[in-house]
Amino acid sequence: MDITLLALVGMVLTATAIAFWQGRWPLLYSGLKQAVLTLKFIWVRLILGITLGGLIQVIIPSNLVAEWLGPTSGLKGILIGSYVGAVISGGPYITLPIVVSIYAAGAGVGPVIALLTSISLLGIQPILAWQIPLLGAKITLVKYAVCLVLPPFIGLAGDAIYRLLTAA
């Protein structure tokens, strides 16, 4: 069994025990009901996002991903990953399958970390839909300008740390 799956099962069992201990069956039932409501909301989006990720794997040639974002792409790959993420929109059920498919197609760790950072910090959709309307243009643009330089550094640092951790 995959260690990640094992950890998730452990966390679910722990949360189940805590919920039962705190409120017995009513609290446990309430938590399971919330899980079902979340699943009802997200299941179609999740299936579509995973399907999109799979299609991206077969549409974008692996050699192109390796050339642009592969482990040997260096700073070029990290810069591409750093700013492509700004135009990938949608929640994690859309963006994560896309990133997973790019990684599976041969992208390196640094470009993938830069891409994930870019999606989080530079995504255009949340800026237009939430940040400017709720916070105003000035604070949003200042935040964006500051965040614009972060993804390449985080990609480089992430790649270096990953290499250190996997060197053994």
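Before going into details, it helps to say that this report is about the structure given with it.

Parameters and conventions
- Counting of residues starts from 1 at the beginning of each chain's written sequence and follows it residue by residue.
- The predicted nature of this model means local features are confined to residues of pLDDT at least 70 and side-chain atom pairs, given and counted, to a pLDDT of 80 or more, with totals for whole chains, interfaces and linings taken over all residues.
- Processing note: side-chain calculations cover all non-hydrogen atoms of the structure and skip hydrogens and water entirely.
- Helix numbering and strand numbering both begin at the N terminus, where a helix is a DSSP run of H or I of at least 4 residues and a strand a DSSP run of E of at least 2.
- Computation of the radius of gyration draws on C-alpha atoms, with the globule rule given as 2.2 Å multiplied by the number of residues to the power 0.38.
- Buried means the residue's accessible area, taken with a 1.4 Å probe over protein chains only, is under 20% of the maximum for its type, while exposed means over 50%, and partly exposed covers the values in between.
- It only takes one pair of heavy atoms within 4.5 Å for two residues to be counted as in contact.
- We count a salt bridge whenever a side-chain nitrogen from Lys or Arg sits within 4 Å of a carboxyl oxygen from Asp or Glu.
- Take the residue count of a helix, subtract one, and multiply by 1.5 Å to get its expected span.
- Here a Phe, Tyr or Trp ring, Trp counted by its six-membered ring, pairs with any other such ring whose centre lies within 6.5 Å, and the pair is stacked when the planes are under 30 degrees apart, edge-to-face when over 60, and tilted otherwise.
- Distance and angle both matter: a charge sits over a ring if NZ of Lys or CZ of Arg is within 6 Å of the ring centre and within 35 degrees of the ring normal.
- Residues with no salt bridge and a relative accessible area higher than 30% make up the patches, which join like charges within 9 Å and nonpolar side chains (Val, Leu, Ile, Met, Phe, Trp, Tyr) within 5 Å.
- Only the protein chains shown count as cover for residues, and the accessible areas themselves come from Shrake-Rupley with a 1.4 Å probe.
- By nonpolar core we mean a set of buried residues, namely Ala, Val, Leu, Ile, Met, Phe, Trp, Tyr and Cys, connected to one another through side-chain atoms within 4.5 Å.

### Observations regarding the overall build of the protein chain
- The helix and strand inventory of the protein chain stands at eight helices and zero strands.
- Mapped in sequence order, the helices and strands of the protein chain form the string α-α-α-α-α-α-α-α.
- For the protein chain, the C-alpha radius of gyration of 19 Å lies well beyond 15 Å, the compact-globule estimate for 168 residues.
- Its C-alpha atoms give the protein chain principal-axis dimensions of roughly 55 × 45 × 30 Å.
- Among the 168 residues that make up the protein chain, the fraction classed as buried is 28%.
- Counted over contacts in the protein chain with a minimum sequence separation of 6, partners at least 24 positions apart contribute 74%.

### Some remarks on the pattern of salt bridges
- Under the defined criterion, the tally for this structure stands at one salt bridge.
- Linking Arg163 and Asp159 is a salt bridge whose minimum nitrogen-to-oxygen distance equals 2.9 Å. Here the residue Arg163 and the residue Asp159 both occupy positions in helix 8 (residues 150–165), the gap between them amounting to four residues, near one helical turn.
- The exposure class of Asp159 is buried, given its relative accessible area of 17%.

### Here we look at helix 4 (residues 92–104)
- Spanning 13 residues, helix 4 covers 17 Å between terminal C-alpha atoms, matching the ideal 18 Å at 1.5 Å per step.
- Within the span of helix 4, buried status applies to Tyr93, Thr95, Pro97, Ile98, Val99, Ser101 and Ile102.

### Looking at unusual backbone geometry
- A positive phi angle, close to 55 degrees, is found at Arg24, a residue other than glycine.
- Along the chain, Arg24 falls in helix 1 (residues 3–59).
- Assessed through its relative accessible area of 48%, Arg24 is described here as partly exposed.

### A look at the packing of aromatic side chains
- Taken as a whole and judged by the stated rule, the model has one aromatic pair.
- In this structure, Arg45 is placed above the aromatic ring of Phe41, and the distance from its NZ or CZ to the ring centre is 4.1 Å.

### Focus on a nonpolar patch on the surface
- A contiguous nonpolar patch, built from Leu75, Leu79, Tyr83, Val142, Val146, Leu148, Val149, Leu150, Phe153, Ile154 and Leu156 and spanning about 930 Å² of accessible area, is present on the exposed surface.
- Of all elements in the fold, only helix 3 (74–84), helix 7 (137–147) and helix 8 reach the threshold of two or more residues within the nonpolar patch.
- Take the nonpolar patch: its biggest share by element is four residues, from helix 8.
- By the secondary structure assignment, Leu79 is in helix 3.

### Let's talk about the nonpolar core
- Ile56, Val65, Leu69, Ile88, Ile98, Val99, Ile102, Ala105, Ala107, Val112, Leu115 and Ile119 form the largest nonpolar core, which has 12 residues in total.
- If sequence neighbours within four positions are ignored, Val65 has contacts with Ile60, Gly70, Ile102, Ala105, Gly106 and Ala107.
- Ranked by size, the runner-up nonpolar core spans five residues in total, among them Ala86, Leu122, Ile127 and Tyr144.

### Notes on the environment of Thr95
- Tracing the backbone through its elements, the reader meets Thr95 in helix 4.
- Sequence separation between Thr95 and Gly49 is 46 residues, and the spatial gap between their C-alpha atoms is 7.5 Å.
- If we ignore the near neighbours within four places in the chain, the residues touching Thr95 are Ile88, Ser89, Gly90 and Ile119.

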